Every structure is written in C-alpha cells, then in structure tokens.
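A look at the structure
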Amino acid sequence: MEVSDYWKKYEAFNQSFKQSDRNEISIGLEDARSYVNGLTDGWHEFLVRLKEIRNSFTTLTNSELETLDKMIRELETNLKN
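Okay, so let's go over this structure. Note that the structure is predicted; figures quoted are calculated from it, not measured.

The rules behind each value
As a convention, each chain's residues are numbered from 1 in the sequence order in which they are written. This being a predicted model, a pLDDT of at least 70 is required before a residue's local features are given, and a value of 80 or more before pairs of side-chain atoms are given or counted; all residues contribute to the totals for chains, interfaces and linings. The side-chain values count all of the structure's non-hydrogen atoms but skip hydrogen atoms and water molecules. Each axis is a line fitted through C-alpha atoms, taken for helices only over the stretch in contact, and angles between the N-to-C directions span 0 to 180 degrees. Each helix is a run of DSSP H or I of at least 4 residues and each strand a run of E of at least 2, with the numbering of both proceeding from the N terminus. Working rule for angles: under 35 degrees goes down as roughly parallel, over 145 as roughly antiparallel, 65 to 115 as roughly perpendicular, anything else as oblique. Two helices crossing with the near one rotated counterclockwise from the far one by less than a right angle form a left-handed crossing, whereas a clockwise rotation gives a right-handed crossing. We call two residues in contact when some of their heavy atoms are within 4.5 Å. When residue character is reported, Ala, Val, Leu, Ile, Met, Phe, Trp, Tyr, Cys and Pro are called nonpolar, Asp, Glu, Lys and Arg charged, and the others, Gly included, polar. Two rings from Phe, Tyr or Trp (for Trp, the six-membered ring) form a pair when their centres are within 6.5 Å of each other. A pair whose planes differ by under 30 degrees is stacked, one over 60 is edge-to-face, and the rest are tilted. Here the term buried applies to any residue with accessible area under 20% of the maximum for its type, exposed to any over 50%, and partly exposed to those in between, with areas from a 1.4 Å probe on protein chains only. Nonpolar cores were defined as sets of buried Ala, Val, Leu, Ile, Met, Phe, Trp, Tyr and Cys residues, with membership established by side-chain atoms within 4.5 Å.

The next point concerns the packing of helix α1 (residues 3–19) against helix α2 (residues 23–33). At a minimum axis separation of 7 Å, α1 and α2 run at an interaxial angle of 155°. Judged on the interaxial angle alone, α2 and α1 are roughly antiparallel. Judged by the sense of rotation from one axis to the other, the crossing of α1 with α2 is left-handed. Contact residues: α1 offers W7, Y10, E11, F13, N14, F17 and K18, while α2 offers N23, I25, S26, L29, E30, A32 and R33. For the contact of α1 with α2, a count of residues per class yields seven nonpolar, three polar and four charged.

Below you can see the structure in the form of structure tokens.
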C-alpha cells in the first residue's frame with residue numbers, strides 16, 4: 001500500500017471518531033501520527049502508540065478493531081522491509 005493511501009484511510013478512521021463524539025480516541029490517533037517524522041524511529045513510535053490505543057480503548061467495536069489491526073499489520077510489514 002502506498003503511504004498516501006494509508007494516510008487517507010487513517011484520516012477517515014480518525015474522522016469517524018470525531019463524528020461520533022469519541023474525541024479521546026481521535027486525540028490518541030492524532031497524537032500517534034505526530035510521531036511520524038520521516039525517520040524510522042518515528043514510525044516505530046507511531047506503531048507503539050497504535051498498539052497502545054488498540055489495548056487501551058475497550059469501547060472500540062469489532063469493526064474498528066479490525067480496521068486498527070489491519071493498519072497495525074500493514075505498518076509492521078512495511079517496517080520489516
């Protein structure tokens with residue numbers, strides 16, 4: 001997946017939380033993204049933050065968990081290459 005496609009999906013995912021007044025999750029996603037600085041360590045910190053969000057918010061639906069898991073897997077795959 002291209003980086004621009006990833007960010008489009010990420011932004012749409014984040015927007016869904018804003019629209020449903022689940023701002024704490026949205027803020028967490030925005031914070032996680034702020035670690036991406038073009039360096040490998042920033043991408044790894046982003047991954048760590050996504051995993052923290054996944055484990056911290058028990059209100060995520062199954063569909064949201066699936067989407068987040070997919071984004072995490074894609075990121076892990078790209079960081080291994």
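That covers the picture; the talk isn't over yet.
Below, the discussion takes up the packing of aromatic side chains. Here the structure, examined in full by the defined rule, presents nine aromatic pairs. Arranged with centres 5.3 Å apart and planes meeting at 90°, the rings of W7 and Y10 form a pair that is edge-to-face. Here W7 pairs with Y10, and both are found in helix α1, just three residues apart, close to one helical turn. Each member of the pair, W7 as well as Y10, carries the same accessibility label: buried. Residues W7 and F46 carry aromatic rings whose centres are separated by 5.4 Å and whose planes lie at 50° to one another, so their mutual orientation is tilted. Here the residue W7 occupies a position in helix α1, and F46 occupies one in helix α3 (residues 40–56), the gap between them amounting to 39 residues. The same class applies to W7 as to F46, namely buried.

This paragraph deals with the nonpolar core. Judged by nonpolar contacts, the single largest core of 19 residues is most densely connected at Y6, Y10, L29, F46, L50, L60 and L68. Mapped by element, the contributors of at least two residues to this core are α1, α2, α3 and α4 (62–80). In contact with L68, other than residues within four places in its own chain, are F13, L50, I53, R54 and L60.

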